[in-house]
Amino acid sequence: MDDSDSLLYQWPSVSAAEINRSLQIPLRRIKQYVDLDMVKIREKSPGVGNSRRFTLSDVMLILLFDRLEELGMTPKRISRIADRLAEALELFFKADADPEFRYVHVTANSKGVF
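Attention here is on the structure that accompanies the text. Being a predicted model, the structure only gives us computed values, none of them experimental.

### Things to note about the pattern of salt bridges
- Scanning all chains against the criterion turns up 7 salt bridges.
- Between K40 and D83 there is a salt bridge, with its nearest N and O atoms 3.0 Å apart. Note that K40 is positioned in the loop between α3 (27-35) and α4 (56-70) and D83 in helix α5 (residues 75-94), a separation of 43 residues in sequence.
- Of the residues examined, K40 reaches a relative accessible area of 40% and is grouped as partly exposed.
- Look at the salt bridges and you will find they share partners, linking R29, D66, R67, E69 and E70 into a network.

This is the structure we're talking about:
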């Protein structure tokens, strides 16, 4: 396990309510991303009354999806590229480059967003 992996394991998981409070993303939108399987929750909280817990990478995906939706993309369209965006984010965390210079670049063309 490299340092970027250990960061993900040390980062505390957060609930949808905490994401809503910190990033002002509506709870219904977060639930929609999970229901559409755009965000695949790694930390399942089984049982009634237990809140879903999201990792740092889950939160970054939710934020990215939210911003794309604010730019006019529909959740259905975002869901078609969600796996590619999640893969890009995974590579972002595993990159050997200086973290200060890491960024996720999303471009669009007539065929969609990459």
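### Points about the environment of I41
- With respect to the secondary-structure elements, I41 resides in the loop between α3 and α4.
- Residues in contact with I41, not counting those within four places in the same chain, are V34, R52, R53, F54 and D58.

### Some details on unusual backbone geometry
- Unlike most non-glycine residues, Q24 shows phi in positive territory, near 55°.
- With respect to the secondary-structure elements, Q24 resides in the loop between α2 (16-23) and α3.
- In this structure, D37 takes a positive phi of about 60° despite not being glycine.
- Checked against the element boundaries, D37 lands in the loop between α3 and α4.

### Digging into the side chain of E69
- Within the secondary structure, E69 is located in helix α4.
- In contact with E69, not counting residues within four places along its chain, are R29, Q32, Y33, P75 and I78.

### Here's the deal with the packing of α4 against α5
- At a minimum axis separation of 10 Å, α4 and α5 run at an interaxial angle of 140°. Compared by their axis directions, α4 and α5 come out oblique. Read as a crossing pair, α4 and α5 show a hand that is right-handed. Across the interface between the two elements, L56, S57, M60, L61, L64, F65, L68 and E69 from α4 touch P75, I78, A82, L85, A86, L89, F92 and F93 from α5.

Conventions and cut-offs
Residues numbered from 1 in each chain as written. Predicted model: local features only at pLDDT ≥ 70, side-chain atom pairs only at ≥ 80, totals over all residues. Heavy atoms only, no water. Salt bridge = Lys/Arg side-chain N within 4 Å of Asp/Glu carboxyl O. Helix = DSSP H or I, 4+ residues; strand = E, 2+ residues; numbered from the N terminus. Buried < 20%, exposed > 50% of the residue type's maximum accessible area, 1.4 Å probe, protein only. Contact = heavy atoms within 4.5 Å. Axes fitted to C-alpha atoms, helices over the stretch in contact; angles between N-to-C directions. Parallel < 35°, antiparallel > 145°, perpendicular 65-115°, else oblique. Left-handed = near helix turned anticlockwise from the far one by under 90°.

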